[in-house]
Amino acid sequence: MASARPEAVALAPAAESPLARLVRERLGTAGARPTTDDIVHVLHQAIVRGLLAPGRALRQDELAALFHVSKIPVREALRTLEAQGFVELQLNRGALVKAPTLAQLRDAFELRLMIEPHLMRTAAAGLTPTMLDQAESLIRDMDVATDAWRFSDCNSRFHELLYAPAELPLSRNILAMLQGHIQRMSFMQLSLAGFNRSSNEDHRVIVAACRRDDAEGAARAVAAHVQSVRDIVLGLYLRHHAEEG
């Protein structure tokens, strides 16, 4: 009598790591060969979201295996992230995720306070009712967001939308350069303190001023909003480091 064949056992797929998920989201499932820009984007997002914590070693061989590339584009990506202030390259120690410092946070907020009210003041006249409707839609999305990254992403899109009509390319480029650090602060705030609904109320005040064609009022509201977020983030930073000490 022939022995019964054993039933095939279905193997559960291995859990996908958050970093591997970011790679898939960036490259899709077609197996496209990643560029240096792709590697920069994925690592930047991982650092901003806290998936790669401050002090985490970034090993070139592991990253090359993750992206299925040689170490050359990985090395170039790490140099780019170092120039952006997210990574520290140490002699004989490789790359480490750089922790934001108190001085860096203060500097970033000072720059925001100089740039964003100016952008808002200049952009206000060019905002159409449709654009303001879109801004209010993003506010509603933030009202119901239960994921810190979703809230932070909508917040960034909200401010980008409001400043879009400003014909100030240098100011917008500087703000874009700061964007990763701004998102990192915002994500840290949301992760440590929970969703700050008062921040979204600030957004409503800004849009209301724009609907009244009150450019100065909108600029003041933006400044007050940045100051409020600054106080929360710096307070969190100081409390967190006091607890560590």
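Residues numbered from 1 in each chain as written. Predicted model: local features only at pLDDT ≥ 70, side-chain atom pairs only at ≥ 80, totals over all residues. Heavy atoms only, no water.

Quick notes on the overall build of the protein
Stage number 1. When its secondary structure is counted, the protein shows ten helices and three strands.
Stage number 2. Starting at the N terminus and walking to the C terminus, you meet the elements of the protein as α-α-β-α-α-β-β-α-α-α-α-α-α.
Stage number 3. For the protein, the proportion of its 245 residues judged to be buried stands at 43%.
Stage number 4. Nonlocal contacts in the protein, meaning residues at least 24 apart in sequence, comprise 72% of its contacts between residues at least 6 apart.
Stage number 5. Here the protein displays about 13,600 Å² of accessible surface, and carbon together with sulfur accounts for 54% of that area. (Helix = DSSP H or I, 4+ residues; strand = E, 2+ residues; numbered from the N terminus. Buried < 20%, exposed > 50% of the residue type's maximum accessible area, 1.4 Å probe, protein only. Contact = heavy atoms within 4.5 Å. Areas by Shrake-Rupley, 256 points an atom, 1.4 Å probe, with all protein chains shown as cover.)

Regarding the pairing of strand 2 (residues 87-90)
Stage number 1. Pairing of strand 2 with strand 3 (residues 94-97), which is carried by four bridges, proceeds in the antiparallel orientation. Among the inter-strand pairings, Q90 is bridged to a residue of strand 3, identified as G94.
Stage number 2. Once strand 2 ends, the chain turns through three residues before running back antiparallel as strand 3, passing N92 with a positive phi of about 65°. (Pairing = 2+ DSSP bridges.)

Looking at the nonpolar core
Stage number 1. With 42 residues, the main nonpolar core has M120, L127, F158, L162 and Y163 as its most contacted residues.
Stage number 2. Only helix 5 (102-123), helix 6 (129-144), helix 7 (148-163), helix 8 (169-193), helix 9 (197-211) and helix 10 (215-244) provide two or more residues apiece to this core.
Stage number 3. Residues within four places of F158 in sequence aside, it is in contact with A135, L138, I139, M142, H203 and V207.
Stage number 4. I47, L58, F67 and L78 belong to the second-largest nonpolar core, a separate cluster that totals 28 residues. (Core = buried A, V, L, I, M, F, W, Y, C linked by side-chain atoms within 4.5 Å.)

Quick word on the pattern of salt bridges
Oppositely charged side chains can pair when the atoms bearing their charge come close.
Stage number 1. Under the counting rule described, the total for this entry stands at 13 salt bridges.
Stage number 2. Across the pair R59 and E62 runs a salt bridge whose closest N-O atoms are separated by 3.9 Å.
Stage number 3. Of the residues examined, R59 reaches a relative accessible area of 48% and is grouped as partly exposed. (Salt bridge = Lys/Arg side-chain N within 4 Å of Asp/Glu carboxyl O.)

Notes on the sheet that holds strand 2
Either a parallel or an antiparallel arrangement is found when strands of a sheet pair, and the pairing is made through backbone hydrogen bonds.
Stage number 1. Strand order in the open sheet made by the three strands is 1-3-2, with antiparallel pairing throughout. Whereas interior strands pair on both sides, the edge strands pair on one side only; in this sheet they are strand 1 (57-58) and strand 2.
Stage number 2. Those strands touched by helix 4 (residues 71-83) are strand 1, strand 2 and strand 3, and its axis lies near 115° from that of strand 2. (Axes fitted to C-alpha atoms, helices over the stretch in contact; angles between N-to-C directions.)

Structural notes on the confidence of the model for the protein
Stage number 1. Averaged over the protein, the pLDDT score is 85; the fraction of residues at 70 or greater is 87%.
Stage number 2. The low-confidence segment residues 1-14, where pLDDT is below 50, has zero contacts with residues more than four positions distant or belonging to other chains. (pLDDT = per-residue confidence, 0-100.)

Concerning the environment of L111
Stage number 1. Topologically, L111 is positioned in helix 5.
Stage number 2. Look at L111 and you get partly exposed, because its relative accessible area is 26%.
Stage number 3. It is 8.8 Å that separates the C-alpha atoms of L111 and I174, two residues lying 63 residues apart in sequence.

Focus: the packing of helix 2 (residues 36-48) against helix 4
Stage number 1. The contact between helix 2 and helix 4 brings their axes to 9 Å, and the two run at 55°. Put simply, helix 2 runs oblique to helix 4. Seen from above, helix 2 lies across helix 4 with right-handed handedness. Taken together, the residues of helix 4 that come into contact with helix 2 (itself represented by T36, I39, V40, L43 and H44) are P73, V74, E76, A77, L78, T80 and L81.
Stage number 2. Its residues placed into classes, the contact of helix 2 with helix 4 shows eight nonpolar, three polar and one charged. (Parallel < 35°, antiparallel > 145°, perpendicular 65-115°, else oblique. Left-handed = near helix turned anticlockwise from the far one by under 90°. Nonpolar A, V, L, I, M, F, W, Y, C, P; charged D, E, K, R; others polar.)

Topic: helix 1 (residues 18-27)
Stage number 1. The complete set of buried residues in helix 1 reads L19, L22, V23 and L27. One face of helix 1 carries all of its buried residues, which in axial projection span an arc of 115°.
Stage number 2. The inward-facing, buried residues of helix 1 contact helix 2 and helix 3 (60-67).
Stage number 3. Directly after helix 1, the chain includes G28, whose backbone phi takes a positive value near 75°. (Arc of directions from axis to C-beta.)

Thoughts on the pairing of strand 3
Stage number 1. Relative to strand 3, strand 1 is paired through two bridges, and the arrangement is antiparallel. Each bridged residue has a counterpart across the sheet, and for A57 the counterpart in strand 3 is L96.

Re the side chain of E116
Stage number 1. Summarising the element assignment, E116 is placed in helix 5.
Stage number 2. When its relative accessible area of 2% is taken as the criterion, E116 is described as buried.
Stage number 3. Within the structure, the side chain of E116 is placed 2.5 Å from the side chain of R112, a separation counted as a polar contact.
Stage number 4. Those residues in contact with E116 that sit more than four places away from it in its chain are H159, Y163, L175, I182, V222 and V226. (Polar contact = N/O pair within 3.5 Å; in protein donor to acceptor, adjacent residues only side chain to side chain.)

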